Amino acid sequence: MERLKREKNPWEAWKEVQQFAREGRTSVTEEWAGAYFKWWGIYTQGDGVGVTGGKGGEGKASEYFMMRIGLPNGLLTAHQLHTIADITEKYARGVADITTRQNIQLHWLTIESLPEVVDKLTEIGLSPKGACGDVLRNVTGCPLAGLDGHELIDASPLAVEVARKLTANPAFYNLPRKFKVSVTGCPSWCSFPEINDVALTALKRVKDGKEEIGYSLRVGGGLSAEPHLAVRLNAFIPQDKAYDVVQAVCEIFREQDVLRESRTHARIKYLFMKHGWTADKMLAAVEEKLGCKFDPSEEGPIADDVYRDHVGVHRQKQEGLSYIGITVLNGRISPEQMHSLAALSEEHGTGELRATIGQNIVLVNIPNAKVSEVVAKIAALGLEVEPTTFYRGAIACTGTEFCKLAIAETKGFNRWLVGELEERLPGFDQQIRLHVTGCTNSCGQSWIADLGLEGKKIKKDGKMVDAFYFCVGGAVGEHAGIARQIGFRAAAEDCPDAIERLLLGYLATRQPGENLRAYFHRTSDEDLRAALNGGATEAVQRDPAPGRVPSNVG
């Protein structure tokens, strides 16, 4: 991979893809299929079996492709969404997913369609560039930027500036691995700064008797097979230095040749995990790069243990307007739903929408007098504004349906699981993040979920079946921490029974005012396993992560 990157900047070689489109799928070279396509937000699509149908830690590729469309800060216009819906209908068999980085991912694209799709996206000011690859990925931020009365600052202009200057910038086409940035002024930290390579969160201080808004800086977050929460640097970042700081950290990352020796350990988090870097060392490197010193600063308030998804109807800071946060289960959205949501935003709002990292979408600037009417129309689309706790907290990665690395199917499973839990526990009164990921790479963010289910295969009744390994008690914000591996696994079909037993146990034994995260924290692995299993059981080991990162992992 390092050799391929040195030999070619894929952003400067799109004519080769246009040639592939003219000559057909068999003309696509291995270098493009396994590497260069990712710089254009494109992956080869799996054959529906996942990793078990291939070899070397990667499943077989089909003749089709997946494509991610970057939406900096999740910002989206009705016109753009109409166009994406048309593209999905015409080229992607009607299959689109909102991702956990505020992208929209398409499936079933043919080689012949790729140039046409990119051209149509370019016409509406969007691009798949940088949505995959060893580059700066889509820059995430609060979907309510500029609208939420509780925000310290509208950070979306900064997020867009970072995306505009660093995404698809040829100076940063060859990073050691992917590089994820989050910028937010939201006090609930809804873009999960703790799991980004670089994250800026708004921070207020008083200096010389004057109040000032700047940013707190975190570096080195990431999940994958070896999770690590970002390290906060002891610095107050003024607004006029915020972009420079992000670029400086990106440059520092680019310069670390030690990270290029193994793709398995090539993320910036490994400077902290394997190479002895500390927050002080990183801050010194940033200050040296920029030729300035930053004032030390306390963190300020940590995001509360609350929902961070902006779901539901809420008043904006603009008088007379509300936003409507819509739950899109597992992010799967149809062209008809996209067209309808875009039309609602045009008819009743200002033609603006926002994608979220919770795989959801938000309608904004809706007059208060029109909210009830709009909510009813959303419900008629099969989407939820007031979802159950299980529906609201569900996240799922792509799974074996399309991903060559997945071991288990995810989106269909999670939809079924949510339905089962809604029926079995209709009055469950707790926030619960239920994340399903198809393999150890944790694209479904299982490490930060209350219940994280990691896909695997086990033998049951003489047959190999989908199964899931349970991790419990992950969180971000006030109780930030990586979910515990408690040594329990279950066949997919047995997961509803196991989770029902676990949650009924919580309801029966919780202390006054004790929420689910506190309960998990005080309960031993043995007792949690017993609750899931319906009786004491020995711990089983989590499957080891692959020894290398397959070429398909961007």
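First, a word on what this report is: a plain description of the structure on this page.

About the criteria used
Residues numbered from 1 in each chain as written. Predicted model: local features only at pLDDT ≥ 70, side-chain atom pairs only at ≥ 80, totals over all residues. Heavy atoms only, no water. Helix = DSSP H or I, 4+ residues; strand = E, 2+ residues; numbered from the N terminus. Rg over C-alpha atoms; globule rule 2.2 N^0.38 Å. Buried < 20%, exposed > 50% of the residue type's maximum accessible area, 1.4 Å probe, protein only. Contact = heavy atoms within 4.5 Å. Areas by Shrake-Rupley, 256 points an atom, 1.4 Å probe, with all protein chains shown as cover. Lys, Arg positive; Asp, Glu negative; His and termini not counted. Charge placed at Lys NZ, Arg CZ, Asp CG, Glu CD. Phe/Tyr/Trp six-rings, centres within 6.5 Å; stacked < 30°, edge-to-face > 60°. Lys NZ or Arg CZ within 6 Å of the ring centre and 35° of its normal. Axes fitted to C-alpha atoms, helices over the stretch in contact; angles between N-to-C directions. Parallel < 35°, antiparallel > 145°, perpendicular 65-115°, else oblique. Nonpolar A, V, L, I, M, F, W, Y, C, P; charged D, E, K, R; others polar. Pairing = 2+ DSSP bridges. Salt bridge = Lys/Arg side-chain N within 4 Å of Asp/Glu carboxyl O. Core = buried A, V, L, I, M, F, W, Y, C linked by side-chain atoms within 4.5 Å.

1. Observations concerning the overall build of the protein
Within the protein, the regular secondary structure consists of 16 helices and 19 strands. Over its C-alpha trace the protein gives a radius of gyration of 23 Å, about what one expects of a compact globule, namely 24 Å for 554 residues. Expressed as lengths along the three principal axes of its C-alpha atoms, the size of the protein is roughly 65 × 60 × 55 Å. Residues counted as buried form 61% of the 554 residues belonging to the protein. Long-range pairs, those at least 24 residues apart, make up 70% of the contacts in the protein between residues at least 6 apart in sequence. Put simply, the protein shows about 21000 Å² of open surface, and 48% of that area lies on carbon and sulfur atoms. When the 65 basic and 72 acidic side-chain charges of the protein are each reduced to a single mean position, those positions are 4 Å apart.

2. Here's the deal with the packing of aromatic side chains
Taken as a whole, this structure holds 15 aromatic pairs when the rule is applied. Judged by centre distance (5.3 Å) and plane angle (20°), the ring pair of Phe179 and Phe253 falls under stacked. Placement of Phe179 in the loop between helix 6 (156–166) and strand 6 (181–184) and of Phe253 in helix 7 (residues 239–254) is noted, with a sequence separation of 74 residues between them. Per residue, the accessibility class of Phe179 equals that of Phe253, and both read buried. Site record: aromatic cluster; members linked through ring pairs are Phe20, Trp32, Tyr36, Phe37 and Phe65. For the cation-ring pair, Arg93 lies above Trp108, with the distance from its terminal atom to the ring centre recorded as 3.9 Å. Over the ring of Phe236 we find Arg205, and its NZ or CZ is 3.9 Å from the ring centre.

3. What about the packing of helix 10 (residues 335–348) against helix 11 (residues 371–380)?
The contact between helix 10 and helix 11 brings their axes to 11 Å, and the two run at 170°. Of the possible angle classes, the one that applies to helix 10 and helix 11 is roughly antiparallel. Side by side, helix 10 and helix 11 meet where Leu341, Leu344, Glu347 and His348 of the first sit next to Glu373, Val374, Lys377 and Ile378 of the second. Considering only residue class, the contact of helix 10 with helix 11 consists of four nonpolar, one polar and three charged.

4. Some remarks on the sheet that holds strand 3 (residues 75–77)
The five strands are arranged 3-13-14-11-10 in an open sheet whose pairing can be described as antiparallel. Edge positions in the sheet fall to strand 3 and strand 10 (312–315), since each has one partner strand and no second. The average undirected angle you get between the axes of adjacent strands in this sheet is 30°. Strand contacts of helix 11: strand 10, strand 11 (321–326) and strand 14 (361–367), with the helix running at about 15° to strand 11, the strand carrying the most contacts.

5. Some words on the pattern of salt bridges
Note that side chains of opposite charge can pair when their charged atoms are close. Counted by the stated rule, this structure contains 38 salt bridges. Ionic pairing is found between Glu373 and Lys377, a salt bridge with its closest N-O pair at 3.1 Å. Here Glu373 and its partner Lys377 are both found in helix 11, four residues apart, which amounts to about one turn of the helix. Classification of Glu373 as partly exposed rests on a relative accessible area of 33%. Here Lys377 falls in the partly exposed class, since its relative accessible area comes to 32%. When the shortest N-O distance is used, the salt bridge between Arg510 and Asp429 registers 3.1 Å.

6. Thoughts on unusual backbone geometry
The phi torsion at Asn73 lies on the positive side, around 60°, for a residue other than glycine. Along the chain, Asn73 turns up in the loop between strand 2 (61–69) and strand 3. Judged by its relative accessible area of 1%, Asn73 falls in the buried class. Positive phi is not limited to glycine here, since Phe192 has a value of about 55°.

7. Some thoughts on the pairing of strand 13 (residues 352–355)
Bridging between strand 3 and strand 13 involves three bridges; their strand directions are antiparallel. In the sheet register, Thr77 faces strand 13, and the bridge partner there is Glu352. Sheet topology places strand 13 next to strand 14; three bridges connect them, and they run antiparallel. Considered in strand 14, the bridge of Arg354 is made with Val362. In textbook terms, the turn of a hairpin is the stretch between consecutive antiparallel strands, and for strand 13 and strand 14 this stretch comprises five residues, one of which, Gln359, has a positive phi near 65°.

8. Some details on the nonpolar core
Of all hydrophobic cores here, the largest spans 58 residues; its most connected members are Phe37, Leu114, Leu341 and Ile378. In contact with Leu341, other than residues within four places in its own chain, are Leu81, Ile326, Ile333, Leu353, Ile361, Leu363, Ile378, Leu381 and Leu383. Membership of the second largest hydrophobic core comes to 46 residues, among which are Ala163, Ile237, Val249 and Ile252.

9. Section: the packing of helix 4 (residues 78–91) against helix 5 (residues 114–123)
Interhelical geometry of helix 4 versus helix 5 gives an angle of 170° and a closest axis separation of 10 Å. It follows from the interaxial angle that helix 4 and helix 5 lie roughly antiparallel. Of the residues in helix 5, those in contact with Thr83, Ile84, Ile87 and Tyr91 of helix 4 are Glu116, Val117, Lys120 and Leu121. Residues of the contact of helix 4 with helix 5, tallied by class, amount to five nonpolar, one polar and two charged.

10. Considerations on the side chain of Gln80
For Gln80, the position within the fold is in helix 4. Non-local contacts of Gln80, meaning those with residues more than four positions away in its chain, are made with Leu75, Ile124, Gly125 and Leu126.

11. Some thoughts on the sheet that holds strand 8 (residues 210–219)
The pairing of strands in a sheet comes from backbone hydrogen bonds and takes either a parallel or an antiparallel form. Here four strands make up an open sheet; going across it, the order is 6-7-8-9 and the pairing mixed. Across the chains shown, the open sheet's two edge strands, defined by having one partner strand only, are strand 6 and strand 9 (231–237). In this sheet, neighbouring strand axes are inclined to one another by 30° on average, regardless of whether the strands run parallel or antiparallel. Pairing between strand 6 and strand 7 (residues 198–207): four bridges, direction parallel. Paired with Val183 across the strands is Leu200, a residue of strand 7.

12. Things to note about the environment of Ile366
Inspection of the secondary structure puts Ile366 in strand 14. For the pair formed by Ile366 and Arg484, sequence separation is 118 residues and the distance between their alpha carbons is 41 Å. Those residues within four positions of Ile366 in sequence are excluded, and the remaining contacts are Gln316, Gly320, Leu321, Ser322, Ile324, His348, Gly349, Val371 and Val374.

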